[in-house]
Amino acid sequence: MKKQFCVGLMGITLLFTGCGAAEAPKATVVDTKIDIQKELESETAMEDNNFSIDKENIFAIQLNVSRIKDRKSSFQKITDGLEQTVVPQNKTDTIQKSDDYDVVSIIYGDGSKDIFYFFQQGDMWYMETPEGSVYQNADFITGIIESSEELEVQSVHIREPYEWQLELEKETEKFDISFWFKQKVYYNINEGAMTLEEAIDDARQSVKTEMVLYQYALKEGYGLTEQEKQEALQKEIDQAKRAENYNEIKEQYLAQGLSFEESLEKQKESIAMSRAADRLYNAKYEEFRHGKDKIGNTVCETVTEYWNAFLMEEMWPQMENYDLGEYETQLDAAEEQIKNNLEM
């Protein structure tokens, strides 16, 4: 079923482990035996469906974003189940697909597709075609698609801050691009065992890439309003306070003359950037889930391939002339400060 998850820009700044970027939901084929020949509960005969599946030419079947190939037994369970669906007795205008539904795509050798949406209403499972035709007797799908319902984290744990991170926060009034750059440089040196020049080059490229992605997300309308930024920040604060080690982290900050909650509040813009990137990623995720698997001339078999192809073939060509001059100036100044501090 439809899930939301995070791309996670400025990943060092966002302190949580066990939250933030989550794996995409996986549709799993299980070995549950499906009784596709079960009798209809209604005593009144129902009209059969009016579509057909070209079983001989199936290349793959995609369950949400998980694609299966070369598994004839799984193909047959799905196609047999589809053929057992029937037109409901009741008026179909009373049966409405909610926002929570599964997508099954039958992919043929020539690249064409048949796409079906599965959803539950009350105790009944239904199937809908892209044209809006609705069929019932679709509960066979519950034995085939196993959605990842446990993606929501039950226990939140905050990663302990690095000593250099606390020192950096002490001297920082505002968490902006200069702070993110410095943070990445110090992380690369202290945790990544890079030389100073390697750390700077890597951090500069990383921050510039994130800024371009963020600007593209804004251009496409995925930015947050001020109210949404504040709501996203408050959600992070509330989540932090539920963490099992919140008091311990709070004490570590207090020992350095810092406030952990104030530190979170300074992350408002980086949180907003991550959420905008999440929205863009989720839009591409939904495109792939709904059967779109081609970017330019590249046919993708996974949502990761689709996202990367989108970045390389669509986003970057559009943003290659984006003016990073303002950011370059800030990065140059931050780089000079880092070098001066390390020379002292």
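Some details on the overall build of the chain
Next up, step 1: Scanning the chain from terminus to terminus reveals ten helices and ten strands.
Next up, step 2: Here the chain, with 344 residues, has 47% of them falling under the buried criterion.
Next up, step 3: The contacts of the chain with a sequence gap of at least 6 include a subset with a gap of at least 24, amounting to 70%.
Next up, step 4: Carbon and sulfur atoms provide 44% of the accessible area of the chain, an area that totals close to 18300 Å².

Concerning unusual backbone geometry
Next up, step 1: The residue Asn137 is not glycine, and still its phi comes out positive at about 65°.
Next up, step 2: Counting through the fold element by element, Asn137 comes out in the loop between β7 (134-135) and β8 (157-158).
Next up, step 3: In this structure, Ala193 is a non-glycine residue whose phi angle is positive, near 55°.
Next up, step 4: Locating Ala193 in the fold gives a position in the loop between α3 (177-190) and α4 (196-219).

Digging into the sheet that holds strand β2 (residues 58-63)
Next up, step 1: Reading across the sheet, the six strands line up as β3-β2-β4-β5-β6-β7 and stay open at both edges, with antiparallel pairing between neighbours. Only two strands of the sheet have a single partner each, and these edge strands are β3 (66-69) and β7.
Next up, step 2: With two bridges connecting them, strand β6 (residues 124-128) and β7 associate as antiparallel partners. Across the sheet, the residue bridging to Glu128 is Val134, located in β7.
Next up, step 3: Its contacts with the sheet put helix α1 (residues 72-83) on β2, β3, β4 (102-108), β5 (113-121) and β6, and the angle it makes with β2 is roughly 75°.
Next up, step 4: Helix-sheet contacts for helix α8 (residues 268-289) involve β2, β3 and β4, and the interaxial angle to β4 is about 55°.

Some details on the confidence of the model for the chain
Next up, step 1: Per-residue pLDDT for the chain averages 82, and the proportion of residues at 70 or more is 80%.
Next up, step 2: Low pLDDT (under 50) marks residues 11-46, which in the prediction has 92 contacts with non-local residues, meaning those over four places away or in another chain.
Next up, step 3: Within the model, the stretch residues 147-153 combines pLDDT values under 50 with 14 contacts to residues more than four positions away or in other chains.

Description of the nonpolar core
Next up, step 1: Counting residues in hydrophobic clusters, the biggest one holds 59 residues, and the most contacted among them are Phe181, Met211, Phe260, Phe310 and Met315.
Next up, step 2: Here the element with the most residues in this core is α4; it accounts for ten residues.
Next up, step 3: In contact with Phe310, other than residues within four places in its own chain, are Tyr216, Leu280, Lys284, Ile295 and Met315.
Next up, step 4: Among the nonpolar cores identified, the runner-up in size contains 21 residues, and Leu82, Val104, Tyr108 and Phe140 belong to it.

Some details on the pairing of β5
Next up, step 1: Examined bridge by bridge, β4 and β5 share six bridges and lie antiparallel to one another. Along β5, the bridge assignment pairs Val103 with Tyr117.
Next up, step 2: Taken together, β4 and the strand that follows it, β5, pair antiparallel across an intervening segment of four residues, in which Gly111 is found at a positive phi of about 95°.
Next up, step 3: In the sheet, β5 pairs with β6 via five bridges, with the strands oriented antiparallel. By the bridge assignment for β6, Tyr117 is matched with Glu128.
Next up, step 4: Hairpin connection between β5 and β6: a loop of two residues separates the two successive antiparallel strands, and Gly122 in this loop has a positive phi of roughly 65°.

Quick look at the side chain of Glu335
Next up, step 1: Looking at where Glu335 falls in the secondary structure, it is placed in helix α10 (residues 325-343).
Next up, step 2: Of note is the side chain of Glu335, whose polar atom sits 2.7 Å from the side chain of Arg204.
Next up, step 3: Not counting residues within four places of it along the chain, the set of residues in contact with Glu335 comprises Phe181, Ile200 and Arg204.

Looking at helix α9 (residues 303-319)
Next up, step 1: The axis of α9 is deflected most strongly, by about 35°, at Leu311.
Next up, step 2: Val303, Tyr306, Trp307, Ala309, Phe310, Leu311, Met315 and Met319 are the residues of α9 that are buried.
Next up, step 3: Looking at the buried positions of α9, the neighbouring elements they touch are α4, α8, β9 (294-295) and β10 (298-299).

Rules of the game
Residues numbered from 1 in each chain as written. Predicted model: local features only at pLDDT ≥ 70, side-chain atom pairs only at ≥ 80, totals over all residues. Heavy atoms only, no water. Helix = DSSP H or I, 4+ residues; strand = E, 2+ residues; numbered from the N terminus. Buried < 20%, exposed > 50% of the residue type's maximum accessible area, 1.4 Å probe, protein only. Contact = heavy atoms within 4.5 Å. Areas by Shrake-Rupley, 256 points an atom, 1.4 Å probe, with all protein chains shown as cover. Pairing = 2+ DSSP bridges. Axes fitted to C-alpha atoms, helices over the stretch in contact; angles between N-to-C directions. pLDDT = per-residue confidence, 0-100. Core = buried A, V, L, I, M, F, W, Y, C linked by side-chain atoms within 4.5 Å. Polar contact = N/O pair within 3.5 Å; in protein donor to acceptor, adjacent residues only side chain to side chain. Bend = angle between axes of the 7 residues up to and from the residue.

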